[in-house]
Amino acid sequence: MTTPPSLRADWVAIGVGACALALILAALGFQYLGGLSPCEMCHWQRWPYIAAAIVGLLGGGFLPRRYAVPVVMTTILLVAASGLIGLYQTGMQYHILQGPQACTVDHAYVLGSNMPVEARCDIPTWFFLGLAMPAWNAIFSFLIAGTAIFLLRNPDAQKS
């Protein structure tokens, strides 16, 4: 019985980086096109995605293949970190976890809009299928990280 083939680590890194970039673009779309003012924790969730997009796309695409495993593992960890922040914020919004006391934004991030001046981390502003944005961020982050780990399941994926 043969082990099913898996993808090379550099390809998985590029895929995870592309997913992270897509999620950043979606967040910016909700912000600039949808008029949703991001809170401080929303920005915290974006930074790991930005780093994952850079590391995954550039590292997976341009570094020699011998660096593919550290690149893909770093990219997976960054995406999972964003998911953990989203999970923490979801716990705050359901009043399960205590959040930072100063988790508000004192200025609007969308230039030229009539958005509210303050966006609080503990108050959800957008729902889809009963879940707020941080919960969806956690779901997508863990799906991306889990899929990447699944695609790397075969030790041959780590060979050049």
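Residues numbered from 1 in each chain as written. Predicted model: local features only at pLDDT ≥ 70, side-chain atom pairs only at ≥ 80, totals over all residues. Heavy atoms only, no water.

## Some words on the overall build of the protein chain
- When helices and strands are counted, the protein chain shows 4 helices and 2 strands.
- Taken over 160 residues, the protein chain has a buried fraction of 38%.
- Within the protein chain, contacts between residues separated by at least 24 positions form 78% of all contacts whose residues are at least 6 apart in sequence.
- On the protein chain, roughly 9,200 Å² of surface is accessible, and the fraction owed to carbon and sulfur atoms is 70%. (Helix = DSSP H or I, 4+ residues; strand = E, 2+ residues; numbered from the N terminus. Buried < 20%, exposed > 50% of the residue type's maximum accessible area, 1.4 Å probe, protein only. Contact = heavy atoms within 4.5 Å. Areas by Shrake-Rupley, 256 points an atom, 1.4 Å probe, with all protein chains shown as cover.)

## Digging into the pattern of salt bridges
- Scanning all chains against the criterion turns up 1 salt bridge.
- Arg8 is the salt-bridge partner of Asp10, the closest N and O atoms lying 2.8 Å from each other.
- The exposure class assigned to Asp10 is buried, which follows from its relative accessible area of 9%. (Salt bridge = Lys/Arg side-chain N within 4 Å of Asp/Glu carboxyl O.)

## With respect to the packing of helix H1 (residues 9-32) against helix H2 (residues 40-62)
- At a minimum axis separation of 7 Å, H1 and H2 run at an interaxial angle of 145°. The handedness of the crossing between H1 and H2 comes out as left-handed. Residues Asp10, Ala13, Ile14, Gly17, Ala18, Ala20, Leu21, Leu23, Ile24, Ala27, Leu28 and Gln31 of H1 form the contact with H2, whose own contacting residues are Arg46, Tyr49, Ile50, Ala52, Ala53, Gly56, Leu57, Gly60 and Gly61.
- Here the residues of the contact of H1 with H2 sort into 14 nonpolar, 5 polar and 2 charged. (Axes fitted to C-alpha atoms, helices over the stretch in contact; angles between N-to-C directions. Left-handed = near helix turned anticlockwise from the far one by under 90°. Nonpolar A, V, L, I, M, F, W, Y, C, P; charged D, E, K, R; others polar.)

## Describing the nonpolar core
- Judged by nonpolar contacts, the single largest core of 19 residues is most densely connected at Val12, Val16, Ala20, Val72, Ile76, Val79 and Leu152.
- Taken together, the elements giving at least two residues each to this core come down to H1, H2, helix H3 (68-93) and helix H4 (133-151). (Core = buried A, V, L, I, M, F, W, Y, C linked by side-chain atoms within 4.5 Å.)

## Some details on the confidence of the model for the protein chain
- Here the protein chain shows a mean pLDDT of 77. Residues at 70 or above account for 72%.
- Across residues 107-112 the pLDDT falls below 50, and counting only partners more than four positions away or on other chains, this stretch makes 10 contacts in the model. (pLDDT = per-residue confidence, 0-100.)

## Section: H3
- Between its terminal C-alpha atoms H3 stretches 38 Å, which fits the 38 Å expected from 26 residues at 1.5 Å a residue.
- Positive phi appears at His95, one or two residues downstream of H3, with a value of about 60°. (Expected span 1.5 Å × (residues − 1).)

## A few points about the environment of Ala51
- Along the polypeptide, Ala51 turns up in helix H2.
- Along the chain, Ala51 and Thr74 lie 23 residues apart, while their C-alpha atoms are 9.4 Å from each other.

## Some thoughts on the environment of Leu58
- For Leu58, the position within the fold is in helix H2.
- Considered as a pair, Leu58 and Ala13 are 45 residues apart in the sequence and their alpha carbons are 9.2 Å apart.

## What about the packing of H1 against H3?
- Across the interface, H1 lies against H3 with an axial gap of 8 Å and an inter-helix angle of 25°. Considering the angle they form, H1 stands roughly parallel to H3. For the crossing formed where H1 meets H3, the hand is left-handed. Facing Ala9, Asp10, Val12, Ala13, Val16, Gly17 and Ala20 of H1, the residues of H3 in contact are Ala68, Val69, Val71, Val72, Thr75 and Val79. (Parallel < 35°, antiparallel > 145°, perpendicular 65-115°, else oblique.)

## A word on the packing of aromatic side chains
- One pass over the structure, following the stated rule, counts 1 aromatic pair.
- Summarising the aromatic geometry, the rings of Trp136 and Phe140 are spaced 6.0 Å apart at their centres and angled 35° between planes, so their arrangement reads as tilted. You can see Trp136 and its partner Phe140 sitting in helix H4, 4 residues apart, about one turn around the helix.
- With relative accessibility at 40%, the residue Phe140 sits in the partly exposed group. (Phe/Tyr/Trp six-rings, centres within 6.5 Å; stacked < 30°, edge-to-face > 60°.)

## A word on H2
- In this model H2 runs 33 Å from its N-terminal to its C-terminal C-alpha over 23 residues, within 8% of the 33 Å that 1.5 Å per residue would give.
- Where H2 is buried, its residues touch H1, H3 and H4.

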